[in-house]
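Listed below, chain by chain, are the residues.
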Amino acid sequence: MSILSASILGCNAMFLGESIEEAEEAGADFVHVDIMDGVYVKNIAFGPKTVSDIKSFSDTKVEVHLELHNPENYVEMFDQAGADALVFQLGTTANPIRLLKEIRTRGMMAGIALNPADPWENLKHLTDYADYIIMMGVEPGFGNQVFEESVYQKVGELKEFFVSTRRDIPIGADGSVDLERAHKLKALGADWFIVGSAIFSAGSRKDQIAKFRTIIG
Ligand code: DX5
Ligand code: ZN
C-alpha cells in the first residue's frame, strides 16, 4: 500500500488542529511538516513545537521535512519532538551517509529529497542508507507552485534502477501533487505521496483523501 502524507503547509493556520484530525481520520498515513528558516528557502515555516504539539494531541505519524542548511544540527531536536520520519534535502549536508545513519539509529525513517534539477544518479551511493527517496515536484519553499514535468522521467528512471539492482525503496513525490499527477507518478513506480493544497484547499478534505487513496492504493 502506498503512503499518503498530508502537508500542513497547505492548511490555514486557524484550522490546523481540525485539519490534521480530519486528515488522520480520512486515512492519511503521515502529517508532513515543512521546516524552513528563511535561509535555504525564502520562507519560514513551523518548528519543533509544531511537531511536539501534534504528537501530544494525536496518534498520527509525523514526517518532518528539513528545508534548511546543515540538517545534522536539527536531528536531536526533531527526534525529541517526536518525529517519526526525517527527510532532508540532498546537498544541504557535507556528510549525508553519517546523517542518514544517525536518523535511523534514533529510530526514525530516513529520507532524502532531490530538487527538480538534481539528477537521480546523485543518489546512487546513498540509497542503501535511506528508507525512502522524495522527488520534489517544485523548488522547495512554497506550496501550490508549478509542477516540473521532468520529474516524471526521473521517477521512472530511479524506479528502473531500483528494480534492476533489486532494491525495494519507496519513491515519493512532494510539491504540487494533485490527483492527475498522482495517477501518472503511481504508474511510473512512485509509492509515497506528499500532498498539501490538493487536500487542504479542497471543499471536502475527506473526499479528496479518499480519491487519492483510490488512485495510489
Ligand atoms: C514545498 C514543500 C511541500 C509543500 C507541498 O517546499 O516541501 O511539502 O508543502 O504542498 P503542495 O502540495 O501544495 O505543493
Ligand atoms: Zn515538504
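Before reading further, recall that the structure is shown in the block above.
These notes cover the structure that comes with them. (Residues numbered from 1 in each chain as written. Chains lettered and ligands numbered in written order. Predicted model: local features only at pLDDT ≥ 70, side-chain atom pairs only at ≥ 80, totals over all residues. Heavy atoms only, no water.)

Some thoughts on the coordination of the zinc ion (ligand 2)
Moving on, step 1. Coordination of the zinc ion (ligand 2) by the protein comes from His-32 (NE2), Asp-34 (OD), His-65 (ND1) and Asp-174 (OD), over a distance range of 2.1 to 2.3 Å.
Moving on, step 2. Considering all six donor atoms around the zinc ion (ligand 2), the spread of angles at the metal, 73 to 171°, places the coordination shape in the octahedral class. (Donors = N, O, S within 2.8 Å, 3.2 Å for Na, K, Ca; no water. Tetrahedral: all angles 85-135°; square planar, octahedral: opposite > 155°, others 65-115°.)

Some words on the side chain of Ser-5
Moving on, step 1. Inspection of the secondary structure assignment puts Ser-5 in strand E1 (residues 3-7).
Moving on, step 2. For Ser-5, the contacting residues outside a window of four places in its chain are Phe-30, Val-31, His-32, Glu-63, Trp-192, Phe-193, Ile-194 and Val-195. (Helix = DSSP H or I, 4+ residues; strand = E, 2+ residues; numbered from the N terminus. Contact = heavy atoms within 4.5 Å.)

Digging into the packing of aromatic side chains
Moving on, step 1. Taken as a whole and assessed by the stated rule, the structure comprises five aromatic pairs.
Moving on, step 2. Where Trp-120 meets Phe-161, the ring centres are 5.2 Å apart and the plane angle is 40°; that geometry is what we call tilted. One end of the pair, Trp-120, is in the loop between strand E6 (109-114) and strand E7 (132-136); the other, Phe-161, is in helix H5 (residues 150-164), and 41 residues separate them in sequence.
Moving on, step 3. For Phe-161, a relative accessible area of 14% corresponds to the buried category.
Moving on, step 4. Seen in terms of ring centroids, Phe-147 and Tyr-152 are 5.3 Å apart; in terms of plane orientation they differ by 50°. Their pairing is tilted. Residue Phe-147 shares its accessibility class with Tyr-152, and that shared class is buried. (Phe/Tyr/Trp six-rings, centres within 6.5 Å; stacked < 30°, edge-to-face > 60°. Buried < 20%, exposed > 50% of the residue type's maximum accessible area, 1.4 Å probe, protein only.)

Overview of the site of ligand 1
Moving on, step 1. Among the 19 residues in the neighbourhood of ligand 1, the closest are listed as Glu-67, Gly-141, Asp-174, Ser-176 and Ser-197.
Moving on, step 2. A distance of 2.9 Å separates an oxygen atom of ligand 1 from a polar atom in the side chain of Asp-34.
Moving on, step 3. Ser-197 is positioned with one of its side-chain polar atoms (N or O) 2.2 Å from an oxygen atom of ligand 1.
Moving on, step 4. Broken down by secondary-structure element, the contributors of at least two residues to the shell around ligand 1 are strand E2 (30-37) and strand E4 (61-67).
Moving on, step 5. The greatest single-element share of the shell around ligand 1, amounting to three residues, is contributed by E2.
Moving on, step 6. Class assignment of the residues belonging to the shell around ligand 1 gives a composition of six nonpolar, 10 polar and three charged. (Near = heavy atom within 4 Å. Polar contact = N/O pair within 3.5 Å; in protein donor to acceptor, adjacent residues only side chain to side chain. Nonpolar A, V, L, I, M, F, W, Y, C, P; charged D, E, K, R; others polar.)

Some thoughts on H5
Moving on, step 1. Here H5 is 15 residues long and its end C-alpha atoms lie 22 Å apart, about the 21 Å a rise of 1.5 Å per residue gives.
Moving on, step 2. Three or more residues of H5 are buried, namely Val-151, Tyr-152, Lys-154, Val-155, Gly-156, Leu-158, Phe-161 and Phe-162.
Moving on, step 3. In this fold, the buried residues of H5 make contact with E6, E7, strand E8 (171-174) and helix H6 (179-188). (Expected span 1.5 Å × (residues − 1).)

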